[in-house]
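One-letter residues, chain by chain:
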Amino acid sequence: MKNTIKLTIVALLLGASSLMAQNAEVYTKPLGVVKHTLKAGQFNLVGLTLHNPTLVAGSFTTVSGTTLTDSKVNFDSALTAGKTYILEITDAADPALNGTIQEITSWSGNAITTPVDLVAYGLSVGDKYQLREVATLQQIFGTPPIIKSTASVSSSDVVWVPDENGEYVKYFYKSSLIGSGSWYNVVTNTKVDGDIPIVYTDAIMVEVKPASPDVDLVLTGSVKTDDISIAVINGFNLVSSIYPVGATLQNSGIAADLKSTASPTSSDMVWLPDNSGGFVQYYYKTPLIGSPGWYNQTVGAPVSDDVVL
């Protein structure tokens, strides 16, 4: 678990209905469609602002280290072996835990196993949760993908997926004159076996080659209506804005979690894409005299109008 600082992105869309099924709460969320135009000759930053539906929701009846139990749910029948799921804490006795997420790949009977001991962070019996299936590279881009694929990475578009160490794993879809194509790891030039999960809080970069055409990436899914807490490490972190509409620098709430000083050299910096392959840099300035506020470091001026994420 990345614990350097924790960004809390506040919910900007409200309203959800619930129903009871198989002794577990299942939530229905607003649905939508988002189109991203991937431009040729540049890196395209894409956030997964629509998500897979909630499959299971409930509350923990037992918590012990990395083992969390809900006696009302049989996870063996509710989840599919070999897939990755996102556990999200939605209503905890300690509000600081709300929005915390964990990747889940292991479960048995009524219990799931987390990679981090959330009990040590204050998780307790009765805290509520939900589980979503993680979207995969194959689901997002299709098979074969909508991006350009050839027999060589030099002429194929590449997807950069962040890892937990602040680095990236790069993939391209290798087409073949004989037989079917497959996703390949760029660095090792080896075929990928199985799904490639992409957690919705992580943004991805799509490197579209200059000789490739522009392409529209269309995503469908449910809308997040709850706050999300994202652990980030020192260095660069690709972070999805989570919500499809309404998010801005001001109302996202992230200023409270960033290091803020009077100088950009000692403040955390937010890089936002400018739709031309470049970025505009912002930081939350806390001056010695006067009121704090967002500052556009790229142009060297305070932010006069709120900035849409």
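Before reading further, recall that the structure is shown in the block above.
The following refers to the structure shown. (Residues numbered from 1 in each chain as written. Predicted model: local features only at pLDDT ≥ 70, side-chain atom pairs only at ≥ 80, totals over all residues. Heavy atoms only, no water.)

On to the overall build of the chain, then. Helices and strands together make up the secondary structure of the chain, namely two helices and 26 strands. Sequence separation of at least 24 residues holds for 68% of the intrachain contacts in the chain that already meet a minimum separation of 6. Surface summary for the chain: the accessible area is close to 15,000 Å², and the carbon and sulfur share equals 53%. (Helix = DSSP H or I, 4+ residues; strand = E, 2+ residues; numbered from the N terminus. Contact = heavy atoms within 4.5 Å. Areas by Shrake-Rupley, 256 points an atom, 1.4 Å probe, with all protein chains shown as cover.)

With that out of the way, let us pick up the pattern of salt bridges. In this structure the tally under the stated criterion is four salt bridges. Linking Lys35 and Asp216 is a salt bridge whose minimum nitrogen-to-oxygen distance equals 3.9 Å. Here Lys35 is found in strand β4 (residues 31-38), whereas its partner Asp216 is found in strand β21 (residues 215-222), with 181 residues between them in sequence. We classify Lys35 as exposed; its relative accessible area is 56%. For Asp214, the salt bridge goes to Lys39, with nearest N and O atoms at 3.0 Å. Of this pair, Asp214 sits in the loop between β20 (204-208) and β21 while Lys39 sits in the loop between β4 and β5 (42-46), and the two are 175 residues apart along the sequence. (Salt bridge = Lys/Arg side-chain N within 4 Å of Asp/Glu carboxyl O. Buried < 20%, exposed > 50% of the residue type's maximum accessible area, 1.4 Å probe, protein only.)

In this section: the sheet that holds strand β11 (residues 106-108). As summarised here, the arrangement of the four strands in space is β7-β8-β12-β11, forming an open sheet in which the pairing is antiparallel. Two strands in the sheet have a free side with no partner beyond their single neighbour: β7 (62-64) and β11. Strand-to-strand twist of the sheet, defined as the mean angle between neighbouring strand axes without regard to direction, takes the value 15°. Pairing analysis gives three bridges linking β11 to strand β12 (residues 111-113), with the strands arranged antiparallel. Across the sheet, Trp107 pairs through a bridge with Ile112, a residue of β12. (Pairing = 2+ DSSP bridges. Axes fitted to C-alpha atoms, helices over the stretch in contact; angles between N-to-C directions.)

Within the largest apolar cluster, 31 residues are counted, with the highest numbers of intra-cluster contacts made by Leu38, Leu137, Ile140, Phe141, Ile147, Val159 and Trp183. When contributions to this core are tallied by element, the ones reaching two or more residues are α2 (137-141), β15 (158-162), β16 (168-174), β20, β21 and β22 (228-232). Formed by 19 residues, the second largest nonpolar core is a distinct cluster that contains Phe60, Leu68, Leu97 and Leu131. (Core = buried A, V, L, I, M, F, W, Y, C linked by side-chain atoms within 4.5 Å.)

Before going further, it helps to spend a moment on the side chain of Thr69. Its location among the elements puts Thr69 in strand β8 (residues 67-69). Look at Thr69 and you get buried, because its relative accessible area is 18%. When near neighbours in sequence (up to four residues on either side) are disregarded, Thr69 contacts Ser59, Phe60, Thr61, Thr62, Asn110 and Ala111.

Moving on: the packing of aromatic side chains. Counted by the stated rule, this structure contains 11 aromatic pairs. With centroids separated by 5.8 Å and ring planes inclined at 65°, the aromatic side chains of Trp160 and Tyr168 adopt a geometry described as edge-to-face. Under the relative-accessibility criterion, Tyr168 is labelled partly exposed at 27%. Seen in terms of ring centroids, Trp271 and Phe279 are 6.0 Å apart; in terms of plane orientation they differ by 65°. Their pairing is edge-to-face. Linked through ring pairs, Phe43, Trp160 and Tyr168 together constitute an aromatic cluster. The ring of Tyr184 carries Lys174 above its face, with NZ or CZ at 4.8 Å from the centroid. (Phe/Tyr/Trp six-rings, centres within 6.5 Å; stacked < 30°, edge-to-face > 60°. Lys NZ or Arg CZ within 6 Å of the ring centre and 35° of its normal.)

The values are spatial; any link to function lies outside them.
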